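Remarks on the overall topology
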Amino acid sequence: MKRISGGFSLVIAVDRRAKDPLHKQIYDAFRSMIVGRRLRAGEQIPSTRTLASDLKVSRIPVLTAYSQLLAEGYFEARAGAGTFVCSSLPDQVTWNTGSATRSTPPLAGSRAVGRRALLLPPYQRIPWLRGVGAFSVSQPAYDQFPFQIWSKLILRHCRNPHASQLHYGNPLGLEPLREAICTYLGTSRAVRCDPQQVMIVSGSQQALEISSRVLLDPGNAVWMEEPGYWLTRQVLTAAGCRLIPVPVDNEGLDVAVGIKACRKARAVYVAPSHQYPIGATMSASRRLQLLAWAESSGSWIIEDDYDSEYRYGSMPIASLQGLDSNSRVIYIGTFSKTLFPSLRIGYIVIPQDLVSRFAAVRHAMDITSPYLYQAVLTDFMKEGHYARHIRRMRLLYEKRRQALVAAIREEFGSALEVLGSEAGMHLAVTLPKGFRDMEITKHAAQEKLWIAPLSPAYLGKPVRQGFILGFGSTPTSQMAHAVRRLKAVILAHGKLPAKE
Ligand SMILES: Cc1ncc(COP(=O)(O)O)c(C=O)c1O
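For the structure given in this document, a descriptive report is provided here.

Rules of the game
- Residues take numbers from 1 onward in each chain, read along the sequence in its written order.
- Selection of residues for local features in this predicted model requires a pLDDT of at least 70, selection of side-chain atom pairs for listing and counting requires 80 or more, and totals for whole chains, interfaces and linings are taken over all residues.
- Each side-chain value is derived from all of the structure's non-hydrogen atoms; neither hydrogens nor water enter the calculation.
- The cutoff for a nearby residue is simple: one of its non-hydrogen atoms must lie within 4 Å of the molecule or strand.
- Note on areas: these come from Shrake-Rupley sampling with a 1.4 Å probe, and a residue is covered only by the protein chains present in the view.
- Strands are runs of DSSP state E lasting at least 2 residues, helices are runs of H or I lasting at least 4, and numbering of each runs from the N terminus.
- Asp, Glu, Lys and Arg are counted as charged, while Ala, Val, Leu, Ile, Met, Phe, Trp, Tyr, Cys and Pro are counted as nonpolar; the rest, among them Gly, fall into the polar class.
- Convention adopted: a line fitted to C-alpha atoms gives each axis, helices being fitted over their contacting stretch, and angles between N-to-C directions are expressed from 0 to 180 degrees.
- Orientation labels follow simple angle bins: below 35 degrees gives roughly parallel, above 145 gives roughly antiparallel, 65 to 115 gives roughly perpendicular, and whatever is left gives oblique.
- With the far helix as reference, a near helix turned anticlockwise by less than a right angle produces a left-handed crossing, and one turned clockwise produces a right-handed crossing.
- For this analysis, residues touch if any pair of their heavy atoms sits within 4.5 Å.
- Definition used for salt bridges: Asp or Glu carboxyl oxygen within 4 Å of a side-chain nitrogen of Lys or Arg.
- Burial status follows relative accessibility: with a 1.4 Å probe on protein chains alone, a residue under 20% of its type maximum counts as buried, one over 50% as exposed, and anything between as partly exposed.
- Here the rule is simple: two strands pair whenever DSSP picks up at least two bridges between them.

**Quick notes on the site of the ligand**
Among the 13 residues in the neighbourhood of the ligand, the closest are listed as S138, S204, D304, T334 and S336. Look at the ligand: alone it shows 400 Å² of surface, and the protein chains cover 92% of it. The dominant element in the shell around the ligand, judged by the number of residues it contributes, is helix α8 (residues 203-215), at 3 residues. Class assignment for the residues of the shell around the ligand results in 4 nonpolar, 6 polar and 3 charged.

Structural data, given as structure tokens:
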């Protein structure tokens, strides 16, 4: 049984001077809320006494309106429980019923929206992002997260908050968290910064958005890794930039090709520690080439370091930012992989002379990040829980990764090529000729296998068809079974070459 959300009062305006009588005004208000789907089937309606008191009218017009709505089937009375929006009303009430045409219609293609909004296609939920479970990309092992510690820290910071913690904060974020991140980045990622250069943001996504607003103008050319991270592409497209796809090989972004295609690009987006989606690590010579190009052309490098805490078989790779002596790198990191994505906390390390520009844009956007989780995360880091959690997870993901690679080999032999399994929580596989990854992905989602297709990662014509497979969320013991289920889905779309 649903109540009107949280017991809030309904917004009904009655006007004693209007020509319609009060009962008609109340009747019309309910009818249009139901038709306009602001009140849903099964939601509880306030009692006549409560509504009369809220509206400061006598009960008589309320009783008259309710009995009319009951008679017409908009309301239903349940003995001993109260009055409800009729539960048999269809969820999708048609828009052209009587007076309801005056309420908000759904957005039509012809409605005037700003040109910037038209740069992106309308949002649609993507099949492979709808669920959690086997192969879901970017899904950490939620069941391994130390929620006991986390919830204690939440309580610590909720109990007696100081007024300053409830008020607007600094657009750069909470100072102690920025200090903790700075210490962590200095030791673990060889990032050179001080806390005054760190801005706490709502994940890498906001970091990219703020960076694009500060650094880029519509029409600017920007190099984009090809294949690359589709959500960066969305930000740059929405900013009106001209994207220059620059191919990625096993040494990372091919800088020479980028220079040939567009030497004067305003910026480049790279994930040098663990390229998304094919997993290459940028070689030292390419890093130096990229920094030299950025210096000579006055371009910006946006470095996305989203999951390199997890590197297997070798030491973590130092950041590009740490090599940069010309303050050309904007360094972006996130807690989405090491903690969980719904936390929505990430950070930007900003060149010193740009800090106040970034802060101004952030302030105009959403002022600052919420206080509570910044404070919780500060303690989580400073008390050593973060480092401990990463150490545990690195061992766990290493096992899951090995189990996934072994199961792919067992089921597919060399029919699927495995790319980029040395770091992070996902790897990529390429399909033999003739298979279409989009079709297989949609089918897999129906089977609750959350593989992501490789072809949409290309801006131009896809060079490869394949999948990105997350291994963070699947226990080692269930990996072989999940891969067998995936094989059954793939086989429904074509014949695989004989195993070698
Ligand atoms: C390349 C890349 N960057 C960043 C992120 C993390 O994004 P966010 O911090 O907005 O959750 C992801 C998540 O999958 C990613 O694949």
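Here the narrative resumes.
**Remarks on the packing of α8 against helix α9 (residues 230-238)**
Interaxial distance between α8 and α9 falls to 10 Å at its minimum, and their mutual angle equals 30°. When the axes of α8 and α9 are compared, the pair comes out roughly parallel. The hand of the α8/α9 crossing is right-handed. Judged by residue contacts, Q205, L208, E209 and S212 of α8 engage L231, T232 and V235 from α9.

**Describing the pattern of salt bridges**
One pass over the full model with this rule turns up 14 salt bridges. Note that D28 is salt-bridged to K24, the shortest N-O span being 2.8 Å. Taken together, the positions of D28 and K24, both in helix α1 (residues 22-35) and 4 residues apart, correspond to about one turn of that helix. On the accessibility criterion, D28 (26% relative accessible area) is partly exposed. Residue K24 is classed as partly exposed on the basis of its relative accessible area of 32%. One salt bridge in this structure joins R286 and D249, with 2.9 Å as the shortest N-O distance. Taken as a pair, R286 in helix α11 (residues 284-297) and D249 in strand β6 (residues 242-249) lie far apart in primary sequence, 37 residues in all. When its relative accessible area of 8% is taken as the criterion, R286 is described as buried. A residue is classified by how much of its surface remains accessible, and D249, at 30% relative accessible area, is partly exposed.

**Focus: the pairing of strand β13 (residues 426-430)**
Where a strand is regular, its side chains alternate between the two sheet faces. Among the 5 residues in β13, 5 count as buried, and that is most of the element. What you see with β13 is no split at all: H426, A428 and T430 on one side and L427 and V429 on the other are buried throughout. Where strand β12 (residues 417-419) meets β13, 3 bridges bridge the pair, whose relative direction is antiparallel. Paired with L419 across the bridge in β13 is A428. Hairpin remark: β12 followed by β13, antiparallel, with 6 residues in the connecting loop; positive phi at G420, about 65°.

**Topic: the sheet that holds β12**
With respect to topology, 4 strands assemble into an open sheet ordered β12-β13-β15-β14, the strand pairing being antiparallel. Each edge of the open sheet is held by one strand with a lone partner, namely β12 and β14 (452-453). Taken together, the 2 bridges between β14 and strand β15 (residues 466-470) define a ladder with antiparallel strand orientation. The residue of β15 that forms the bridge with P453 is F467.

**A word on the environment of I149**
Positionally, I149 belongs in helix α5 (residues 147-158). Judged by its relative accessible area of 31%, I149 is partly exposed. Note: C-alpha distance between I149 and L343 (194 residues apart in sequence) is 15 Å. Setting aside residues up to four positions removed in sequence, I149 forms contacts with F380 and H385.

Interpretation note: all reported values are geometric properties and have no functional meaning in isolation.
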